[in-house]
Amino acid sequence: MERQSEDRAWGTAKTLAEALPYIQIYDRQTVVIKYGGHAMGETAVAKQFAADVVLLKLMGVNPVVVHGGGPQISAMLEKAGVKSSFVDGLRVTDADTMQVAEMVLSGAVNKEIAHLITMAGKGADVRGVGLSGKDAGLLTVEKTRRTRRDPDSMIEHEVDLGFVGEPTNVDPKLILRMLESDADWVPVIAPIGVAEDGQTYNVNADTVAGALAGALKAKRMLLLTDVEGVRGADGQLIRQMTIADARRLIEEGVASGGMIPKLQTCMAAIESGVEAVVILDGRRPHAMLVELFTEHGAGTLVCAR
């Protein structure tokens, strides 16, 4: 047993030494992490995620977390007896649903993630700070407009999604001040925004992460989801692709369902100044560390060219 523990120690040291070039690449660089999916509801996975975020911070990275909470909203709506409907993957949000969505996202989910980061970083005084797009004018939005074509008449008509918004402006001043501070703060942001008239809107968390990553000119954006990455027509995982490749996958129907908006988010983020975006499985332990600090990576990297 003693010999095994010694081998493990040497293995750990070797891993750290091999990570050095990558640690230097991300030193003091901003990495926006979209944390979502059903993994958020699993306590052990959430604690591991928080610990990995703390490790990133202590290794010199500036992590910024944007979270979703679809399953949690659905559970609370069901408990409250409010029925949900969806159009193209977006929840139709009436006044009652909006109230519950904000309560869940900005309240329970946001504060729990911030708390887990603070607890994981207690020994080094790394602290999670829970915010939403309503704080300090961080996220300005406009009402999302969607159209649908009637299959019989082929006439397009507008679909009212209610209080669902799209980002029009991100003011990153507060986040930048936090990242520039001597204190080790980790911003944790709920995807709630405000329109020019003061109305509160629910916003797709992937879209918020992309818009924020662009405003921060992030080195990387990590889209943690429930799949390993993007698969090609042969079913094999695609390790790396360009924006042109992503467009082609959508046009040819290889990318379908929920992967289409994720690829669109990747493309928009890169076009707004993010160096690259990675779609990876957030349920796998240490997926972020494998992606950033090893040659192998974890998931599908999307870059400009």
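Our subject is the structure that appears above.
What you are looking at is a predicted structure, and each value in this text was computed from that prediction instead of being measured.

### A look at the environment of P191
Along the chain, P191 turns up in the loop between β10 (184-190) and β11 (192-194). For P191, a relative accessible area of 2% translates into the label buried. Note: C-alpha distance between P191 and T168 (23 residues apart in sequence) is 13 Å. Apart from residues no more than four positions distant in its own chain, P191 is found in contact with H67, L105, Y201, N202, V203, A205 and V208.

### Considering empty space enclosed by the protein
Throughout the structure, instances matching the rule amount to one cavity of 30 Å³ or more. If you trace the largest cavity, you find it lined by G133, L138, L139, V170, I189, A190, V208 and L212. When contributions to the lining of the largest cavity are tallied by element, the ones reaching two or more residues are β10 and α6 (205-216). Here the residues of the lining of the largest cavity are counted per class, giving seven nonpolar, one polar and no charged.

### Let's talk about α6
The terminal C-alpha atoms of α6 lie 16 Å apart, and with twelve residues this matches the ideal 16 Å at 1.5 Å per residue to within 8%. The buried count for α6 comes to nine of twelve residues, which makes it a mostly enclosed element. Restricting attention to buried positions, one finds in α6 the residues A205, D206, V208, A209, G210, L212, A213, G214 and L216. With a side-chain oxygen lying 3.0 Å from the backbone nitrogen of D206, the N-terminal cap of α6 falls on N204. Positive backbone phi, approximately 50 degrees, marks K217, located one or two places after α6.

### Side note on the packing of helix α7 (residues 243-251) against helix α8 (residues 259-271)
Running from N to C, α7 and α8 point in directions that differ by 155 degrees, and their axes come no closer than 10 Å. For the element pair α7 / α8, the angle class is roughly antiparallel. Judged by the sense of rotation from one axis to the other, the crossing of α7 with α8 is left-handed. Along the contact surface, α7 presents I243, A246, R247 and I250, while α8 presents I260, L263, Q264, M267, I270 and E271. Tallied by class, residues from the contact of α7 with α8 come to seven nonpolar, one polar and two charged.

### What about the side chain of S106?
With respect to the helices and strands, S106 occurs in helix α4 (residues 95-120). Discounting chain neighbours no more than four positions away, the residues touching S106 are A101, K111, S132, A190 and I192.

Rules used in this analysis
- Residues numbered from 1 in each chain as written.
- Predicted model: local features only at pLDDT ≥ 70, side-chain atom pairs only at ≥ 80, totals over all residues.
- Heavy atoms only, no water.
- Helix = DSSP H or I, 4+ residues; strand = E, 2+ residues; numbered from the N terminus.
- Buried < 20%, exposed > 50% of the residue type's maximum accessible area, 1.4 Å probe, protein only.
- Contact = heavy atoms within 4.5 Å.
- 1 Å grid on protein atoms, 1.4 Å probe; cavity = no way out; pocket = protein on both sides within 12 Å on 5 of 7 lines; lining within 4 Å.
- Points joined across faces, edges and corners; volume = space filled by probe spheres on them.
- Nonpolar A, V, L, I, M, F, W, Y, C, P; charged D, E, K, R; others polar.
- Expected span 1.5 Å × (residues − 1).
- Polar contact = N/O pair within 3.5 Å; in protein donor to acceptor, adjacent residues only side chain to side chain.
- Axes fitted to C-alpha atoms, helices over the stretch in contact; angles between N-to-C directions.
- Parallel < 35°, antiparallel > 145°, perpendicular 65-115°, else oblique.
- Left-handed = near helix turned anticlockwise from the far one by under 90°.

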